[in-house]
Amino acid sequence: MRILVLGGDGYLGWPTAMYLSGQGHDVGVLDNAARRQYDHELGTGSLVPIETLQNRVQAWREISGKTIAIYPGDLLDAEFAYATIRGFEPEAIVHFAEQRAAPYSMIDRKHAVYTQTNNVIGTLNVMFAIGEINRDIHLVKLGTMGEYGTPNIDIEEGWLEVTHKGRTDRMLFPKRPGSFYHLSKVHDSHNLEFGCRIWGLRVTDLNQGIVYGQETTETALDERLVTRFDYDAVFGTVLNRFAIQAVLGLPMSVYGGGTQTRAVIDIRDTVECIRLACETPAGAGEFRVFNQATESFSLAEMAKIVANTFPGQVDVDFIDNPRVEVENHHYSFVHTALEGLGLKPHLLSDTLLTSLFGIIEKHQERVDPAALQPSINWRQTSNLPVTRS
Ligand code: NAD
Ligand code: USQ
């Protein structure tokens, strides 16, 4: 298939582009390097040094013999988005290209507005381009488990059958997200479902859990092919942060009481889920939702698993929660659709964590301990300055 990966220079987009290319698909990547700019703005960087997109693609060509086309540019530039889709003629578009950090979206008004503008308008431009150019293009859009929040009922895969006052309907599952970032994904989901109804678009919305890990088969082939590894309090995700804190001999920063439960997924399963979604497209007019997560743990459980696996002593620090989130809640989610298509999940294991510790040890001199400290509080409308450089 011809597959265009939007956000193909990011943490997940780059390994996915290589994985799809390695599986025999004809891949193009679009990216505006926004993620590299946030590093400059915040004075942070990936723990593992990463190559430019051009060097990555060149290295992939040398190693695999396969070509990935590069489209540098911004999805907010509608003419560029349309020209890229017209030029590449994709059968599927995988859309990763959004501002994806909840804390970044909570810095202040400017960052909340940027996040929602970037994410919602970028997605609208892609939807309209598909609507005008070729409605058979299957859009595989990255959503997030956090769209649902933590409802006191089981979380279904996107849709809920509701009986109210004797009448029954199938409705989008109610959402109660916990940041302006997560809200941008909810807005995207509603826009896309509407596009399916009015134009017959084919959309798969992947409500993905928190991703952990840094290596896939392809990124491990050569140092020039590695993907980024964020550990700072803005972009670093929880399991990756706990692993770094363990290696550095710092206490693991559990926010609040640690009883919040979150859905997670191994990065190797992310790339496989995307392949499965692309190779089995949604029907015309179908808004298909998959919960792309394989397990869930409370934060305290995650910290305990990391501590039990790490060979040395690791302490836990329960710190005042900088976020506003429910700490004691029901959490149970359905995740059978991707497994039904053939996903064989990698569950969180000692071996994965041990390999992560190895990667961190190799690069630990690059860690800026100040970047680990949470600096963005949900209760404040302005959290500036957050920049350290
Ligand atoms: P990332 O920030 O590393 O990658 C996103 C890429 O999109 C970056 O390279 C960025 O430069 C690019 N981009 C952003 N806005 C753009 C625009 N307007 N035009 C062109 N390119 C643009 O993020 P990631 O961790 O790889 O996440 C990818 C997607 O998966 C996001 O949509 C995110 O919401 C979703 N997701 C991520 C996780 C996770 O744990 N990392 C979990 C669930 C869902
Ligand atoms: N947390 C800690 N300690 C830390 C960091 C985080 O206890 O040092 C807690 C947070 O309070 C939260 C949970 O861990 O309860 C997850 O935080 P996170 O930063 O790992 O993840 P989140 O903000 O939810 O965002 C990440 C990605 C985002 C993706 C989302 C998936 O950055 O792109 O959409 O995971 S989900 O959570 O399912 O919505």
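For the structure given in this document, a descriptive report is provided here. Remember, predicted model here, so these are calculated numbers, not experimental data.

**Here's the deal with the overall build of the protein chain**
Regarding its fold elements, the protein chain presents 12 helices and 14 strands. Over its C-alpha trace the protein chain gives a radius of gyration of 20 Å, about what one expects of a compact globule, namely 21 Å for 389 residues. Seen along its three principal axes, the alpha-carbon backbone of the protein chain occupies a region of about 65 × 55 × 40 Å. Per-residue burial over the protein chain gives 54% buried out of 389 residues. Within the structure as shown, the protein chain displays about 16000 Å² of accessible surface, and the carbon and sulfur contribution to it stands at 51%. Of the side chains in the protein chain, 34 bear a positive and 48 a negative charge, and the two mean positions are spaced by 3 Å.

**Some remarks on the site of ligand 2**
Around ligand 2 sit 22 residues in total, of which Arg100, Thr144, Tyr181, Ser253 and Glu325 are the nearest. Glu325 places a polar side-chain atom, nitrogen or oxygen, 2.6 Å from an oxygen atom of ligand 2. Those elements that provide at least two residues to the shell around ligand 2 are α7 (180–199), α8 (238–248) and β10 (252–255). Per-class residue counts for the shell around ligand 2 are nine nonpolar, eight polar and five charged.

**Section: unusual backbone geometry**
Of note, the phi angle at Glu89 is positive, near 50°, even though the residue is not glycine. Since its relative accessible area comes to 58%, Glu89 is described here as exposed. Positive phi outside glycine occurs at Lys165, with the angle close to 50°. Along the polypeptide, Lys165 turns up in the loop between β6 (159–164) and β7 (167–172).

**Comments concerning the pattern of salt bridges**
A full pass over the atoms with the stated rule returns 21 salt bridges. A salt bridge links Glu62 to Arg224, with the nearest nitrogen and oxygen atoms 3.2 Å apart. Linking Glu62 in helix α3 (residues 53–64) with Arg224 in the loop between β9 (210–212) and α8, this pair joins segments that are 162 residues apart in sequence. The class of Glu62 is partly exposed, set by a relative accessible area of 48%.

**Examining the environment of Ser253**
Note on placement: Ser253 falls in strand β10. By relative accessible area, Ser253 is classed as buried at 10%. Sequence spacing of Ser253 and Asn321 is 68 residues, and the spatial spacing of their C-alpha atoms is 9.8 Å. Look past the residues within four positions of Ser253 in its chain and what remains in contact with it is Arg241, Phe242, Gln245, Asp317 and Ile319.

**Describing the site of ligand 1**
For ligand 1, the set of nearby residues contains 29 residues, the closest of which are Asp31, Arg100, Asn118, Tyr181 and Lys185. Between ligand 1 and the protein, one listed contact pairs an oxygen atom with a backbone N or O atom of Ala34 at 3.0 Å. Considering ligand 1 on its own, with 820 Å² of exposed area, one finds that the protein chains cover 98% of that surface. Looking at the shell around ligand 1, the elements that each hand over two or more residues are β2 (26–31), α2 (34–42), β5 (138–144), α7 and β9. A per-element tally of the shell around ligand 1 places β5 first, with three residues. Looking at the shell around ligand 1 residue by residue, the classes come out as 12 nonpolar, nine polar and eight charged.

The rules behind these values
Residues numbered from 1 in each chain as written. Chains lettered and ligands numbered in written order. Predicted model: local features only at pLDDT ≥ 70, side-chain atom pairs only at ≥ 80, totals over all residues. Heavy atoms only, no water. Helix = DSSP H or I, 4+ residues; strand = E, 2+ residues; numbered from the N terminus. Rg over C-alpha atoms; globule rule 2.2 N^0.38 Å. Buried < 20%, exposed > 50% of the residue type's maximum accessible area, 1.4 Å probe, protein only. Areas by Shrake-Rupley, 256 points an atom, 1.4 Å probe, with all protein chains shown as cover. Lys, Arg positive; Asp, Glu negative; His and termini not counted. Charge placed at Lys NZ, Arg CZ, Asp CG, Glu CD. Near = heavy atom within 4 Å. Polar contact = N/O pair within 3.5 Å; in protein donor to acceptor, adjacent residues only side chain to side chain. Nonpolar A, V, L, I, M, F, W, Y, C, P; charged D, E, K, R; others polar. Salt bridge = Lys/Arg side-chain N within 4 Å of Asp/Glu carboxyl O. Contact = heavy atoms within 4.5 Å.

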